[in-house]
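Residue-level listing of the chains:
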Amino acid sequence: MAHEHPFAQFHFCPKCGSPRFVEHNCKSKHCEDCGFTYYFNPSAATVAVILNDRRELLVCRRGKDPGKGTLDLPGGFCDCFESSEEGMAREVKEETGLDVTRTEFLFSQPNTYLYSGFLVHTVDIFFRCTVADWRPARAMDDAAELMWLPLAELRPEEFGMDSVRRGIKRLAELL
């Protein structure tokens, strides 16, 4: 399957502004004027797997595009200068109000995320999260609604993000 170069939308060198910013290889572009080479790497994103005592998974309904109205798991992009674990805890707090007290790496999945007309490549890092208390959970930020779904009733096709659909299938094998 042929893919458009990730930098196809970038026509000028970000360092010197030259229009001679050309494809160098499948992962980078190179400026023929200043010599700058920029490598395209995926952004780090996190996905929270939060289970309650009844083996129900905390699921949210997306309040914004992409995938507005579809199911998702709490999470999002890591910020600069924070670890994946710190990003996970921050995203869970922003979207659910819950305080993460422990994270455990489960697996990762590649993904793409269309934002402002630009296809962002990500590596979505799935963490099993322990939270201090379930009761303050409420939908905030990107989450329009929160719900607890029994693991046996999860339907991957109801989840809007490709990586989360694949992750839900994988979770069925792990949990």
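Note that this is a predicted model, so its numbers are computed, not measured. Every chain is numbered independently, its residues counted from 1 as its sequence is written. With pLDDT at 70 or above as the cut-off, local features in this predicted model cover only qualifying residues; side-chain atom pairs require 80 or more to be listed or tallied, and sums for whole chains, interfaces and linings still use all residues. As a rule here, side-chain values come from all non-hydrogen atoms in the structure, and water together with hydrogens is ignored.

## Brief notes about the pattern of salt bridges
Salt bridges are counted wherever a side-chain nitrogen of Lys or Arg sits within 4 Å of a carboxyl oxygen of Asp or Glu. Considering all chains together, one arrives at 16 salt bridges under this definition. Between glutamate 82 and arginine 90 there is a salt bridge whose closest N-O contact spans 2.6 Å. Linking arginine 90 and glutamate 94 is a salt bridge whose minimum nitrogen-to-oxygen distance equals 3.2 Å. Pair noted here: arginine 90 and glutamate 94 are both in helix H1 (residues 84–96), with a separation of 4 residues, about one helical turn. Burial classes follow relative accessibility: with a 1.4 Å probe on protein chains only, a residue under 20% of its type's maximum area counts as buried, one over 50% as exposed, and anything between as partly exposed. Judged by its relative accessible area of 31%, glutamate 94 is partly exposed. The network of salt bridges with common partners includes Asp79, Glu82, Arg90, Glu91 and Glu94. Secondary structure elements are defined from DSSP: runs of H or I of at least 4 residues count as helices, runs of E of at least 2 residues count as strands, and each element is numbered from the N terminus.

## Description of the sheet that holds strand E6 (residues 71–72)
With antiparallel pairing, 3 strands are arranged side by side in an open sheet as E6-E5-E10. Of all the strands in the sheet, just E6 and strand E10 (143–150) have a single pairing partner and so form its edges. One requirement defines pairing of two strands: DSSP has to find at least two bridges between them.

## Some thoughts on H1
By definition here, a helix of n residues has an expected span of 1.5 Å times n minus one. Look at H1: 18 Å from first C-alpha to last across 13 residues, which is about the 18 Å you get at 1.5 Å a residue. Gly87, Met88, Arg90, Glu91, Val92, Glu95 and Thr96 are the residues of H1 that are buried. We call two residues contacting when some pair of their heavy atoms lies within 4.5 Å. Of the surrounding secondary structure, the elements contacted by the buried residues of H1 are strand E4 (43–49), strand E5 (56–62), strand E7 (75–77), strand E8 (100–115), strand E9 (118–131) and E10. Glycine 97 sits one or two positions beyond H1 and adopts a positive phi of about 80 degrees.

## With respect to the state of the cysteines
Disulfide: a pair of cysteine sulfur atoms within 2.5 Å of each other. Per the counting criterion, the structure on display carries 0 disulfides. No disulfide involves cysteine 31; its nearest neighbouring cysteine sulfur is the one of cysteine 16, lying 3.7 Å away. Here cysteine 129 is not cross-linked by a disulfide; its sulfur's nearest cysteine counterpart is in cysteine 78, at 12 Å.

In short, the description is geometric, and any link to function would need to be established separately.
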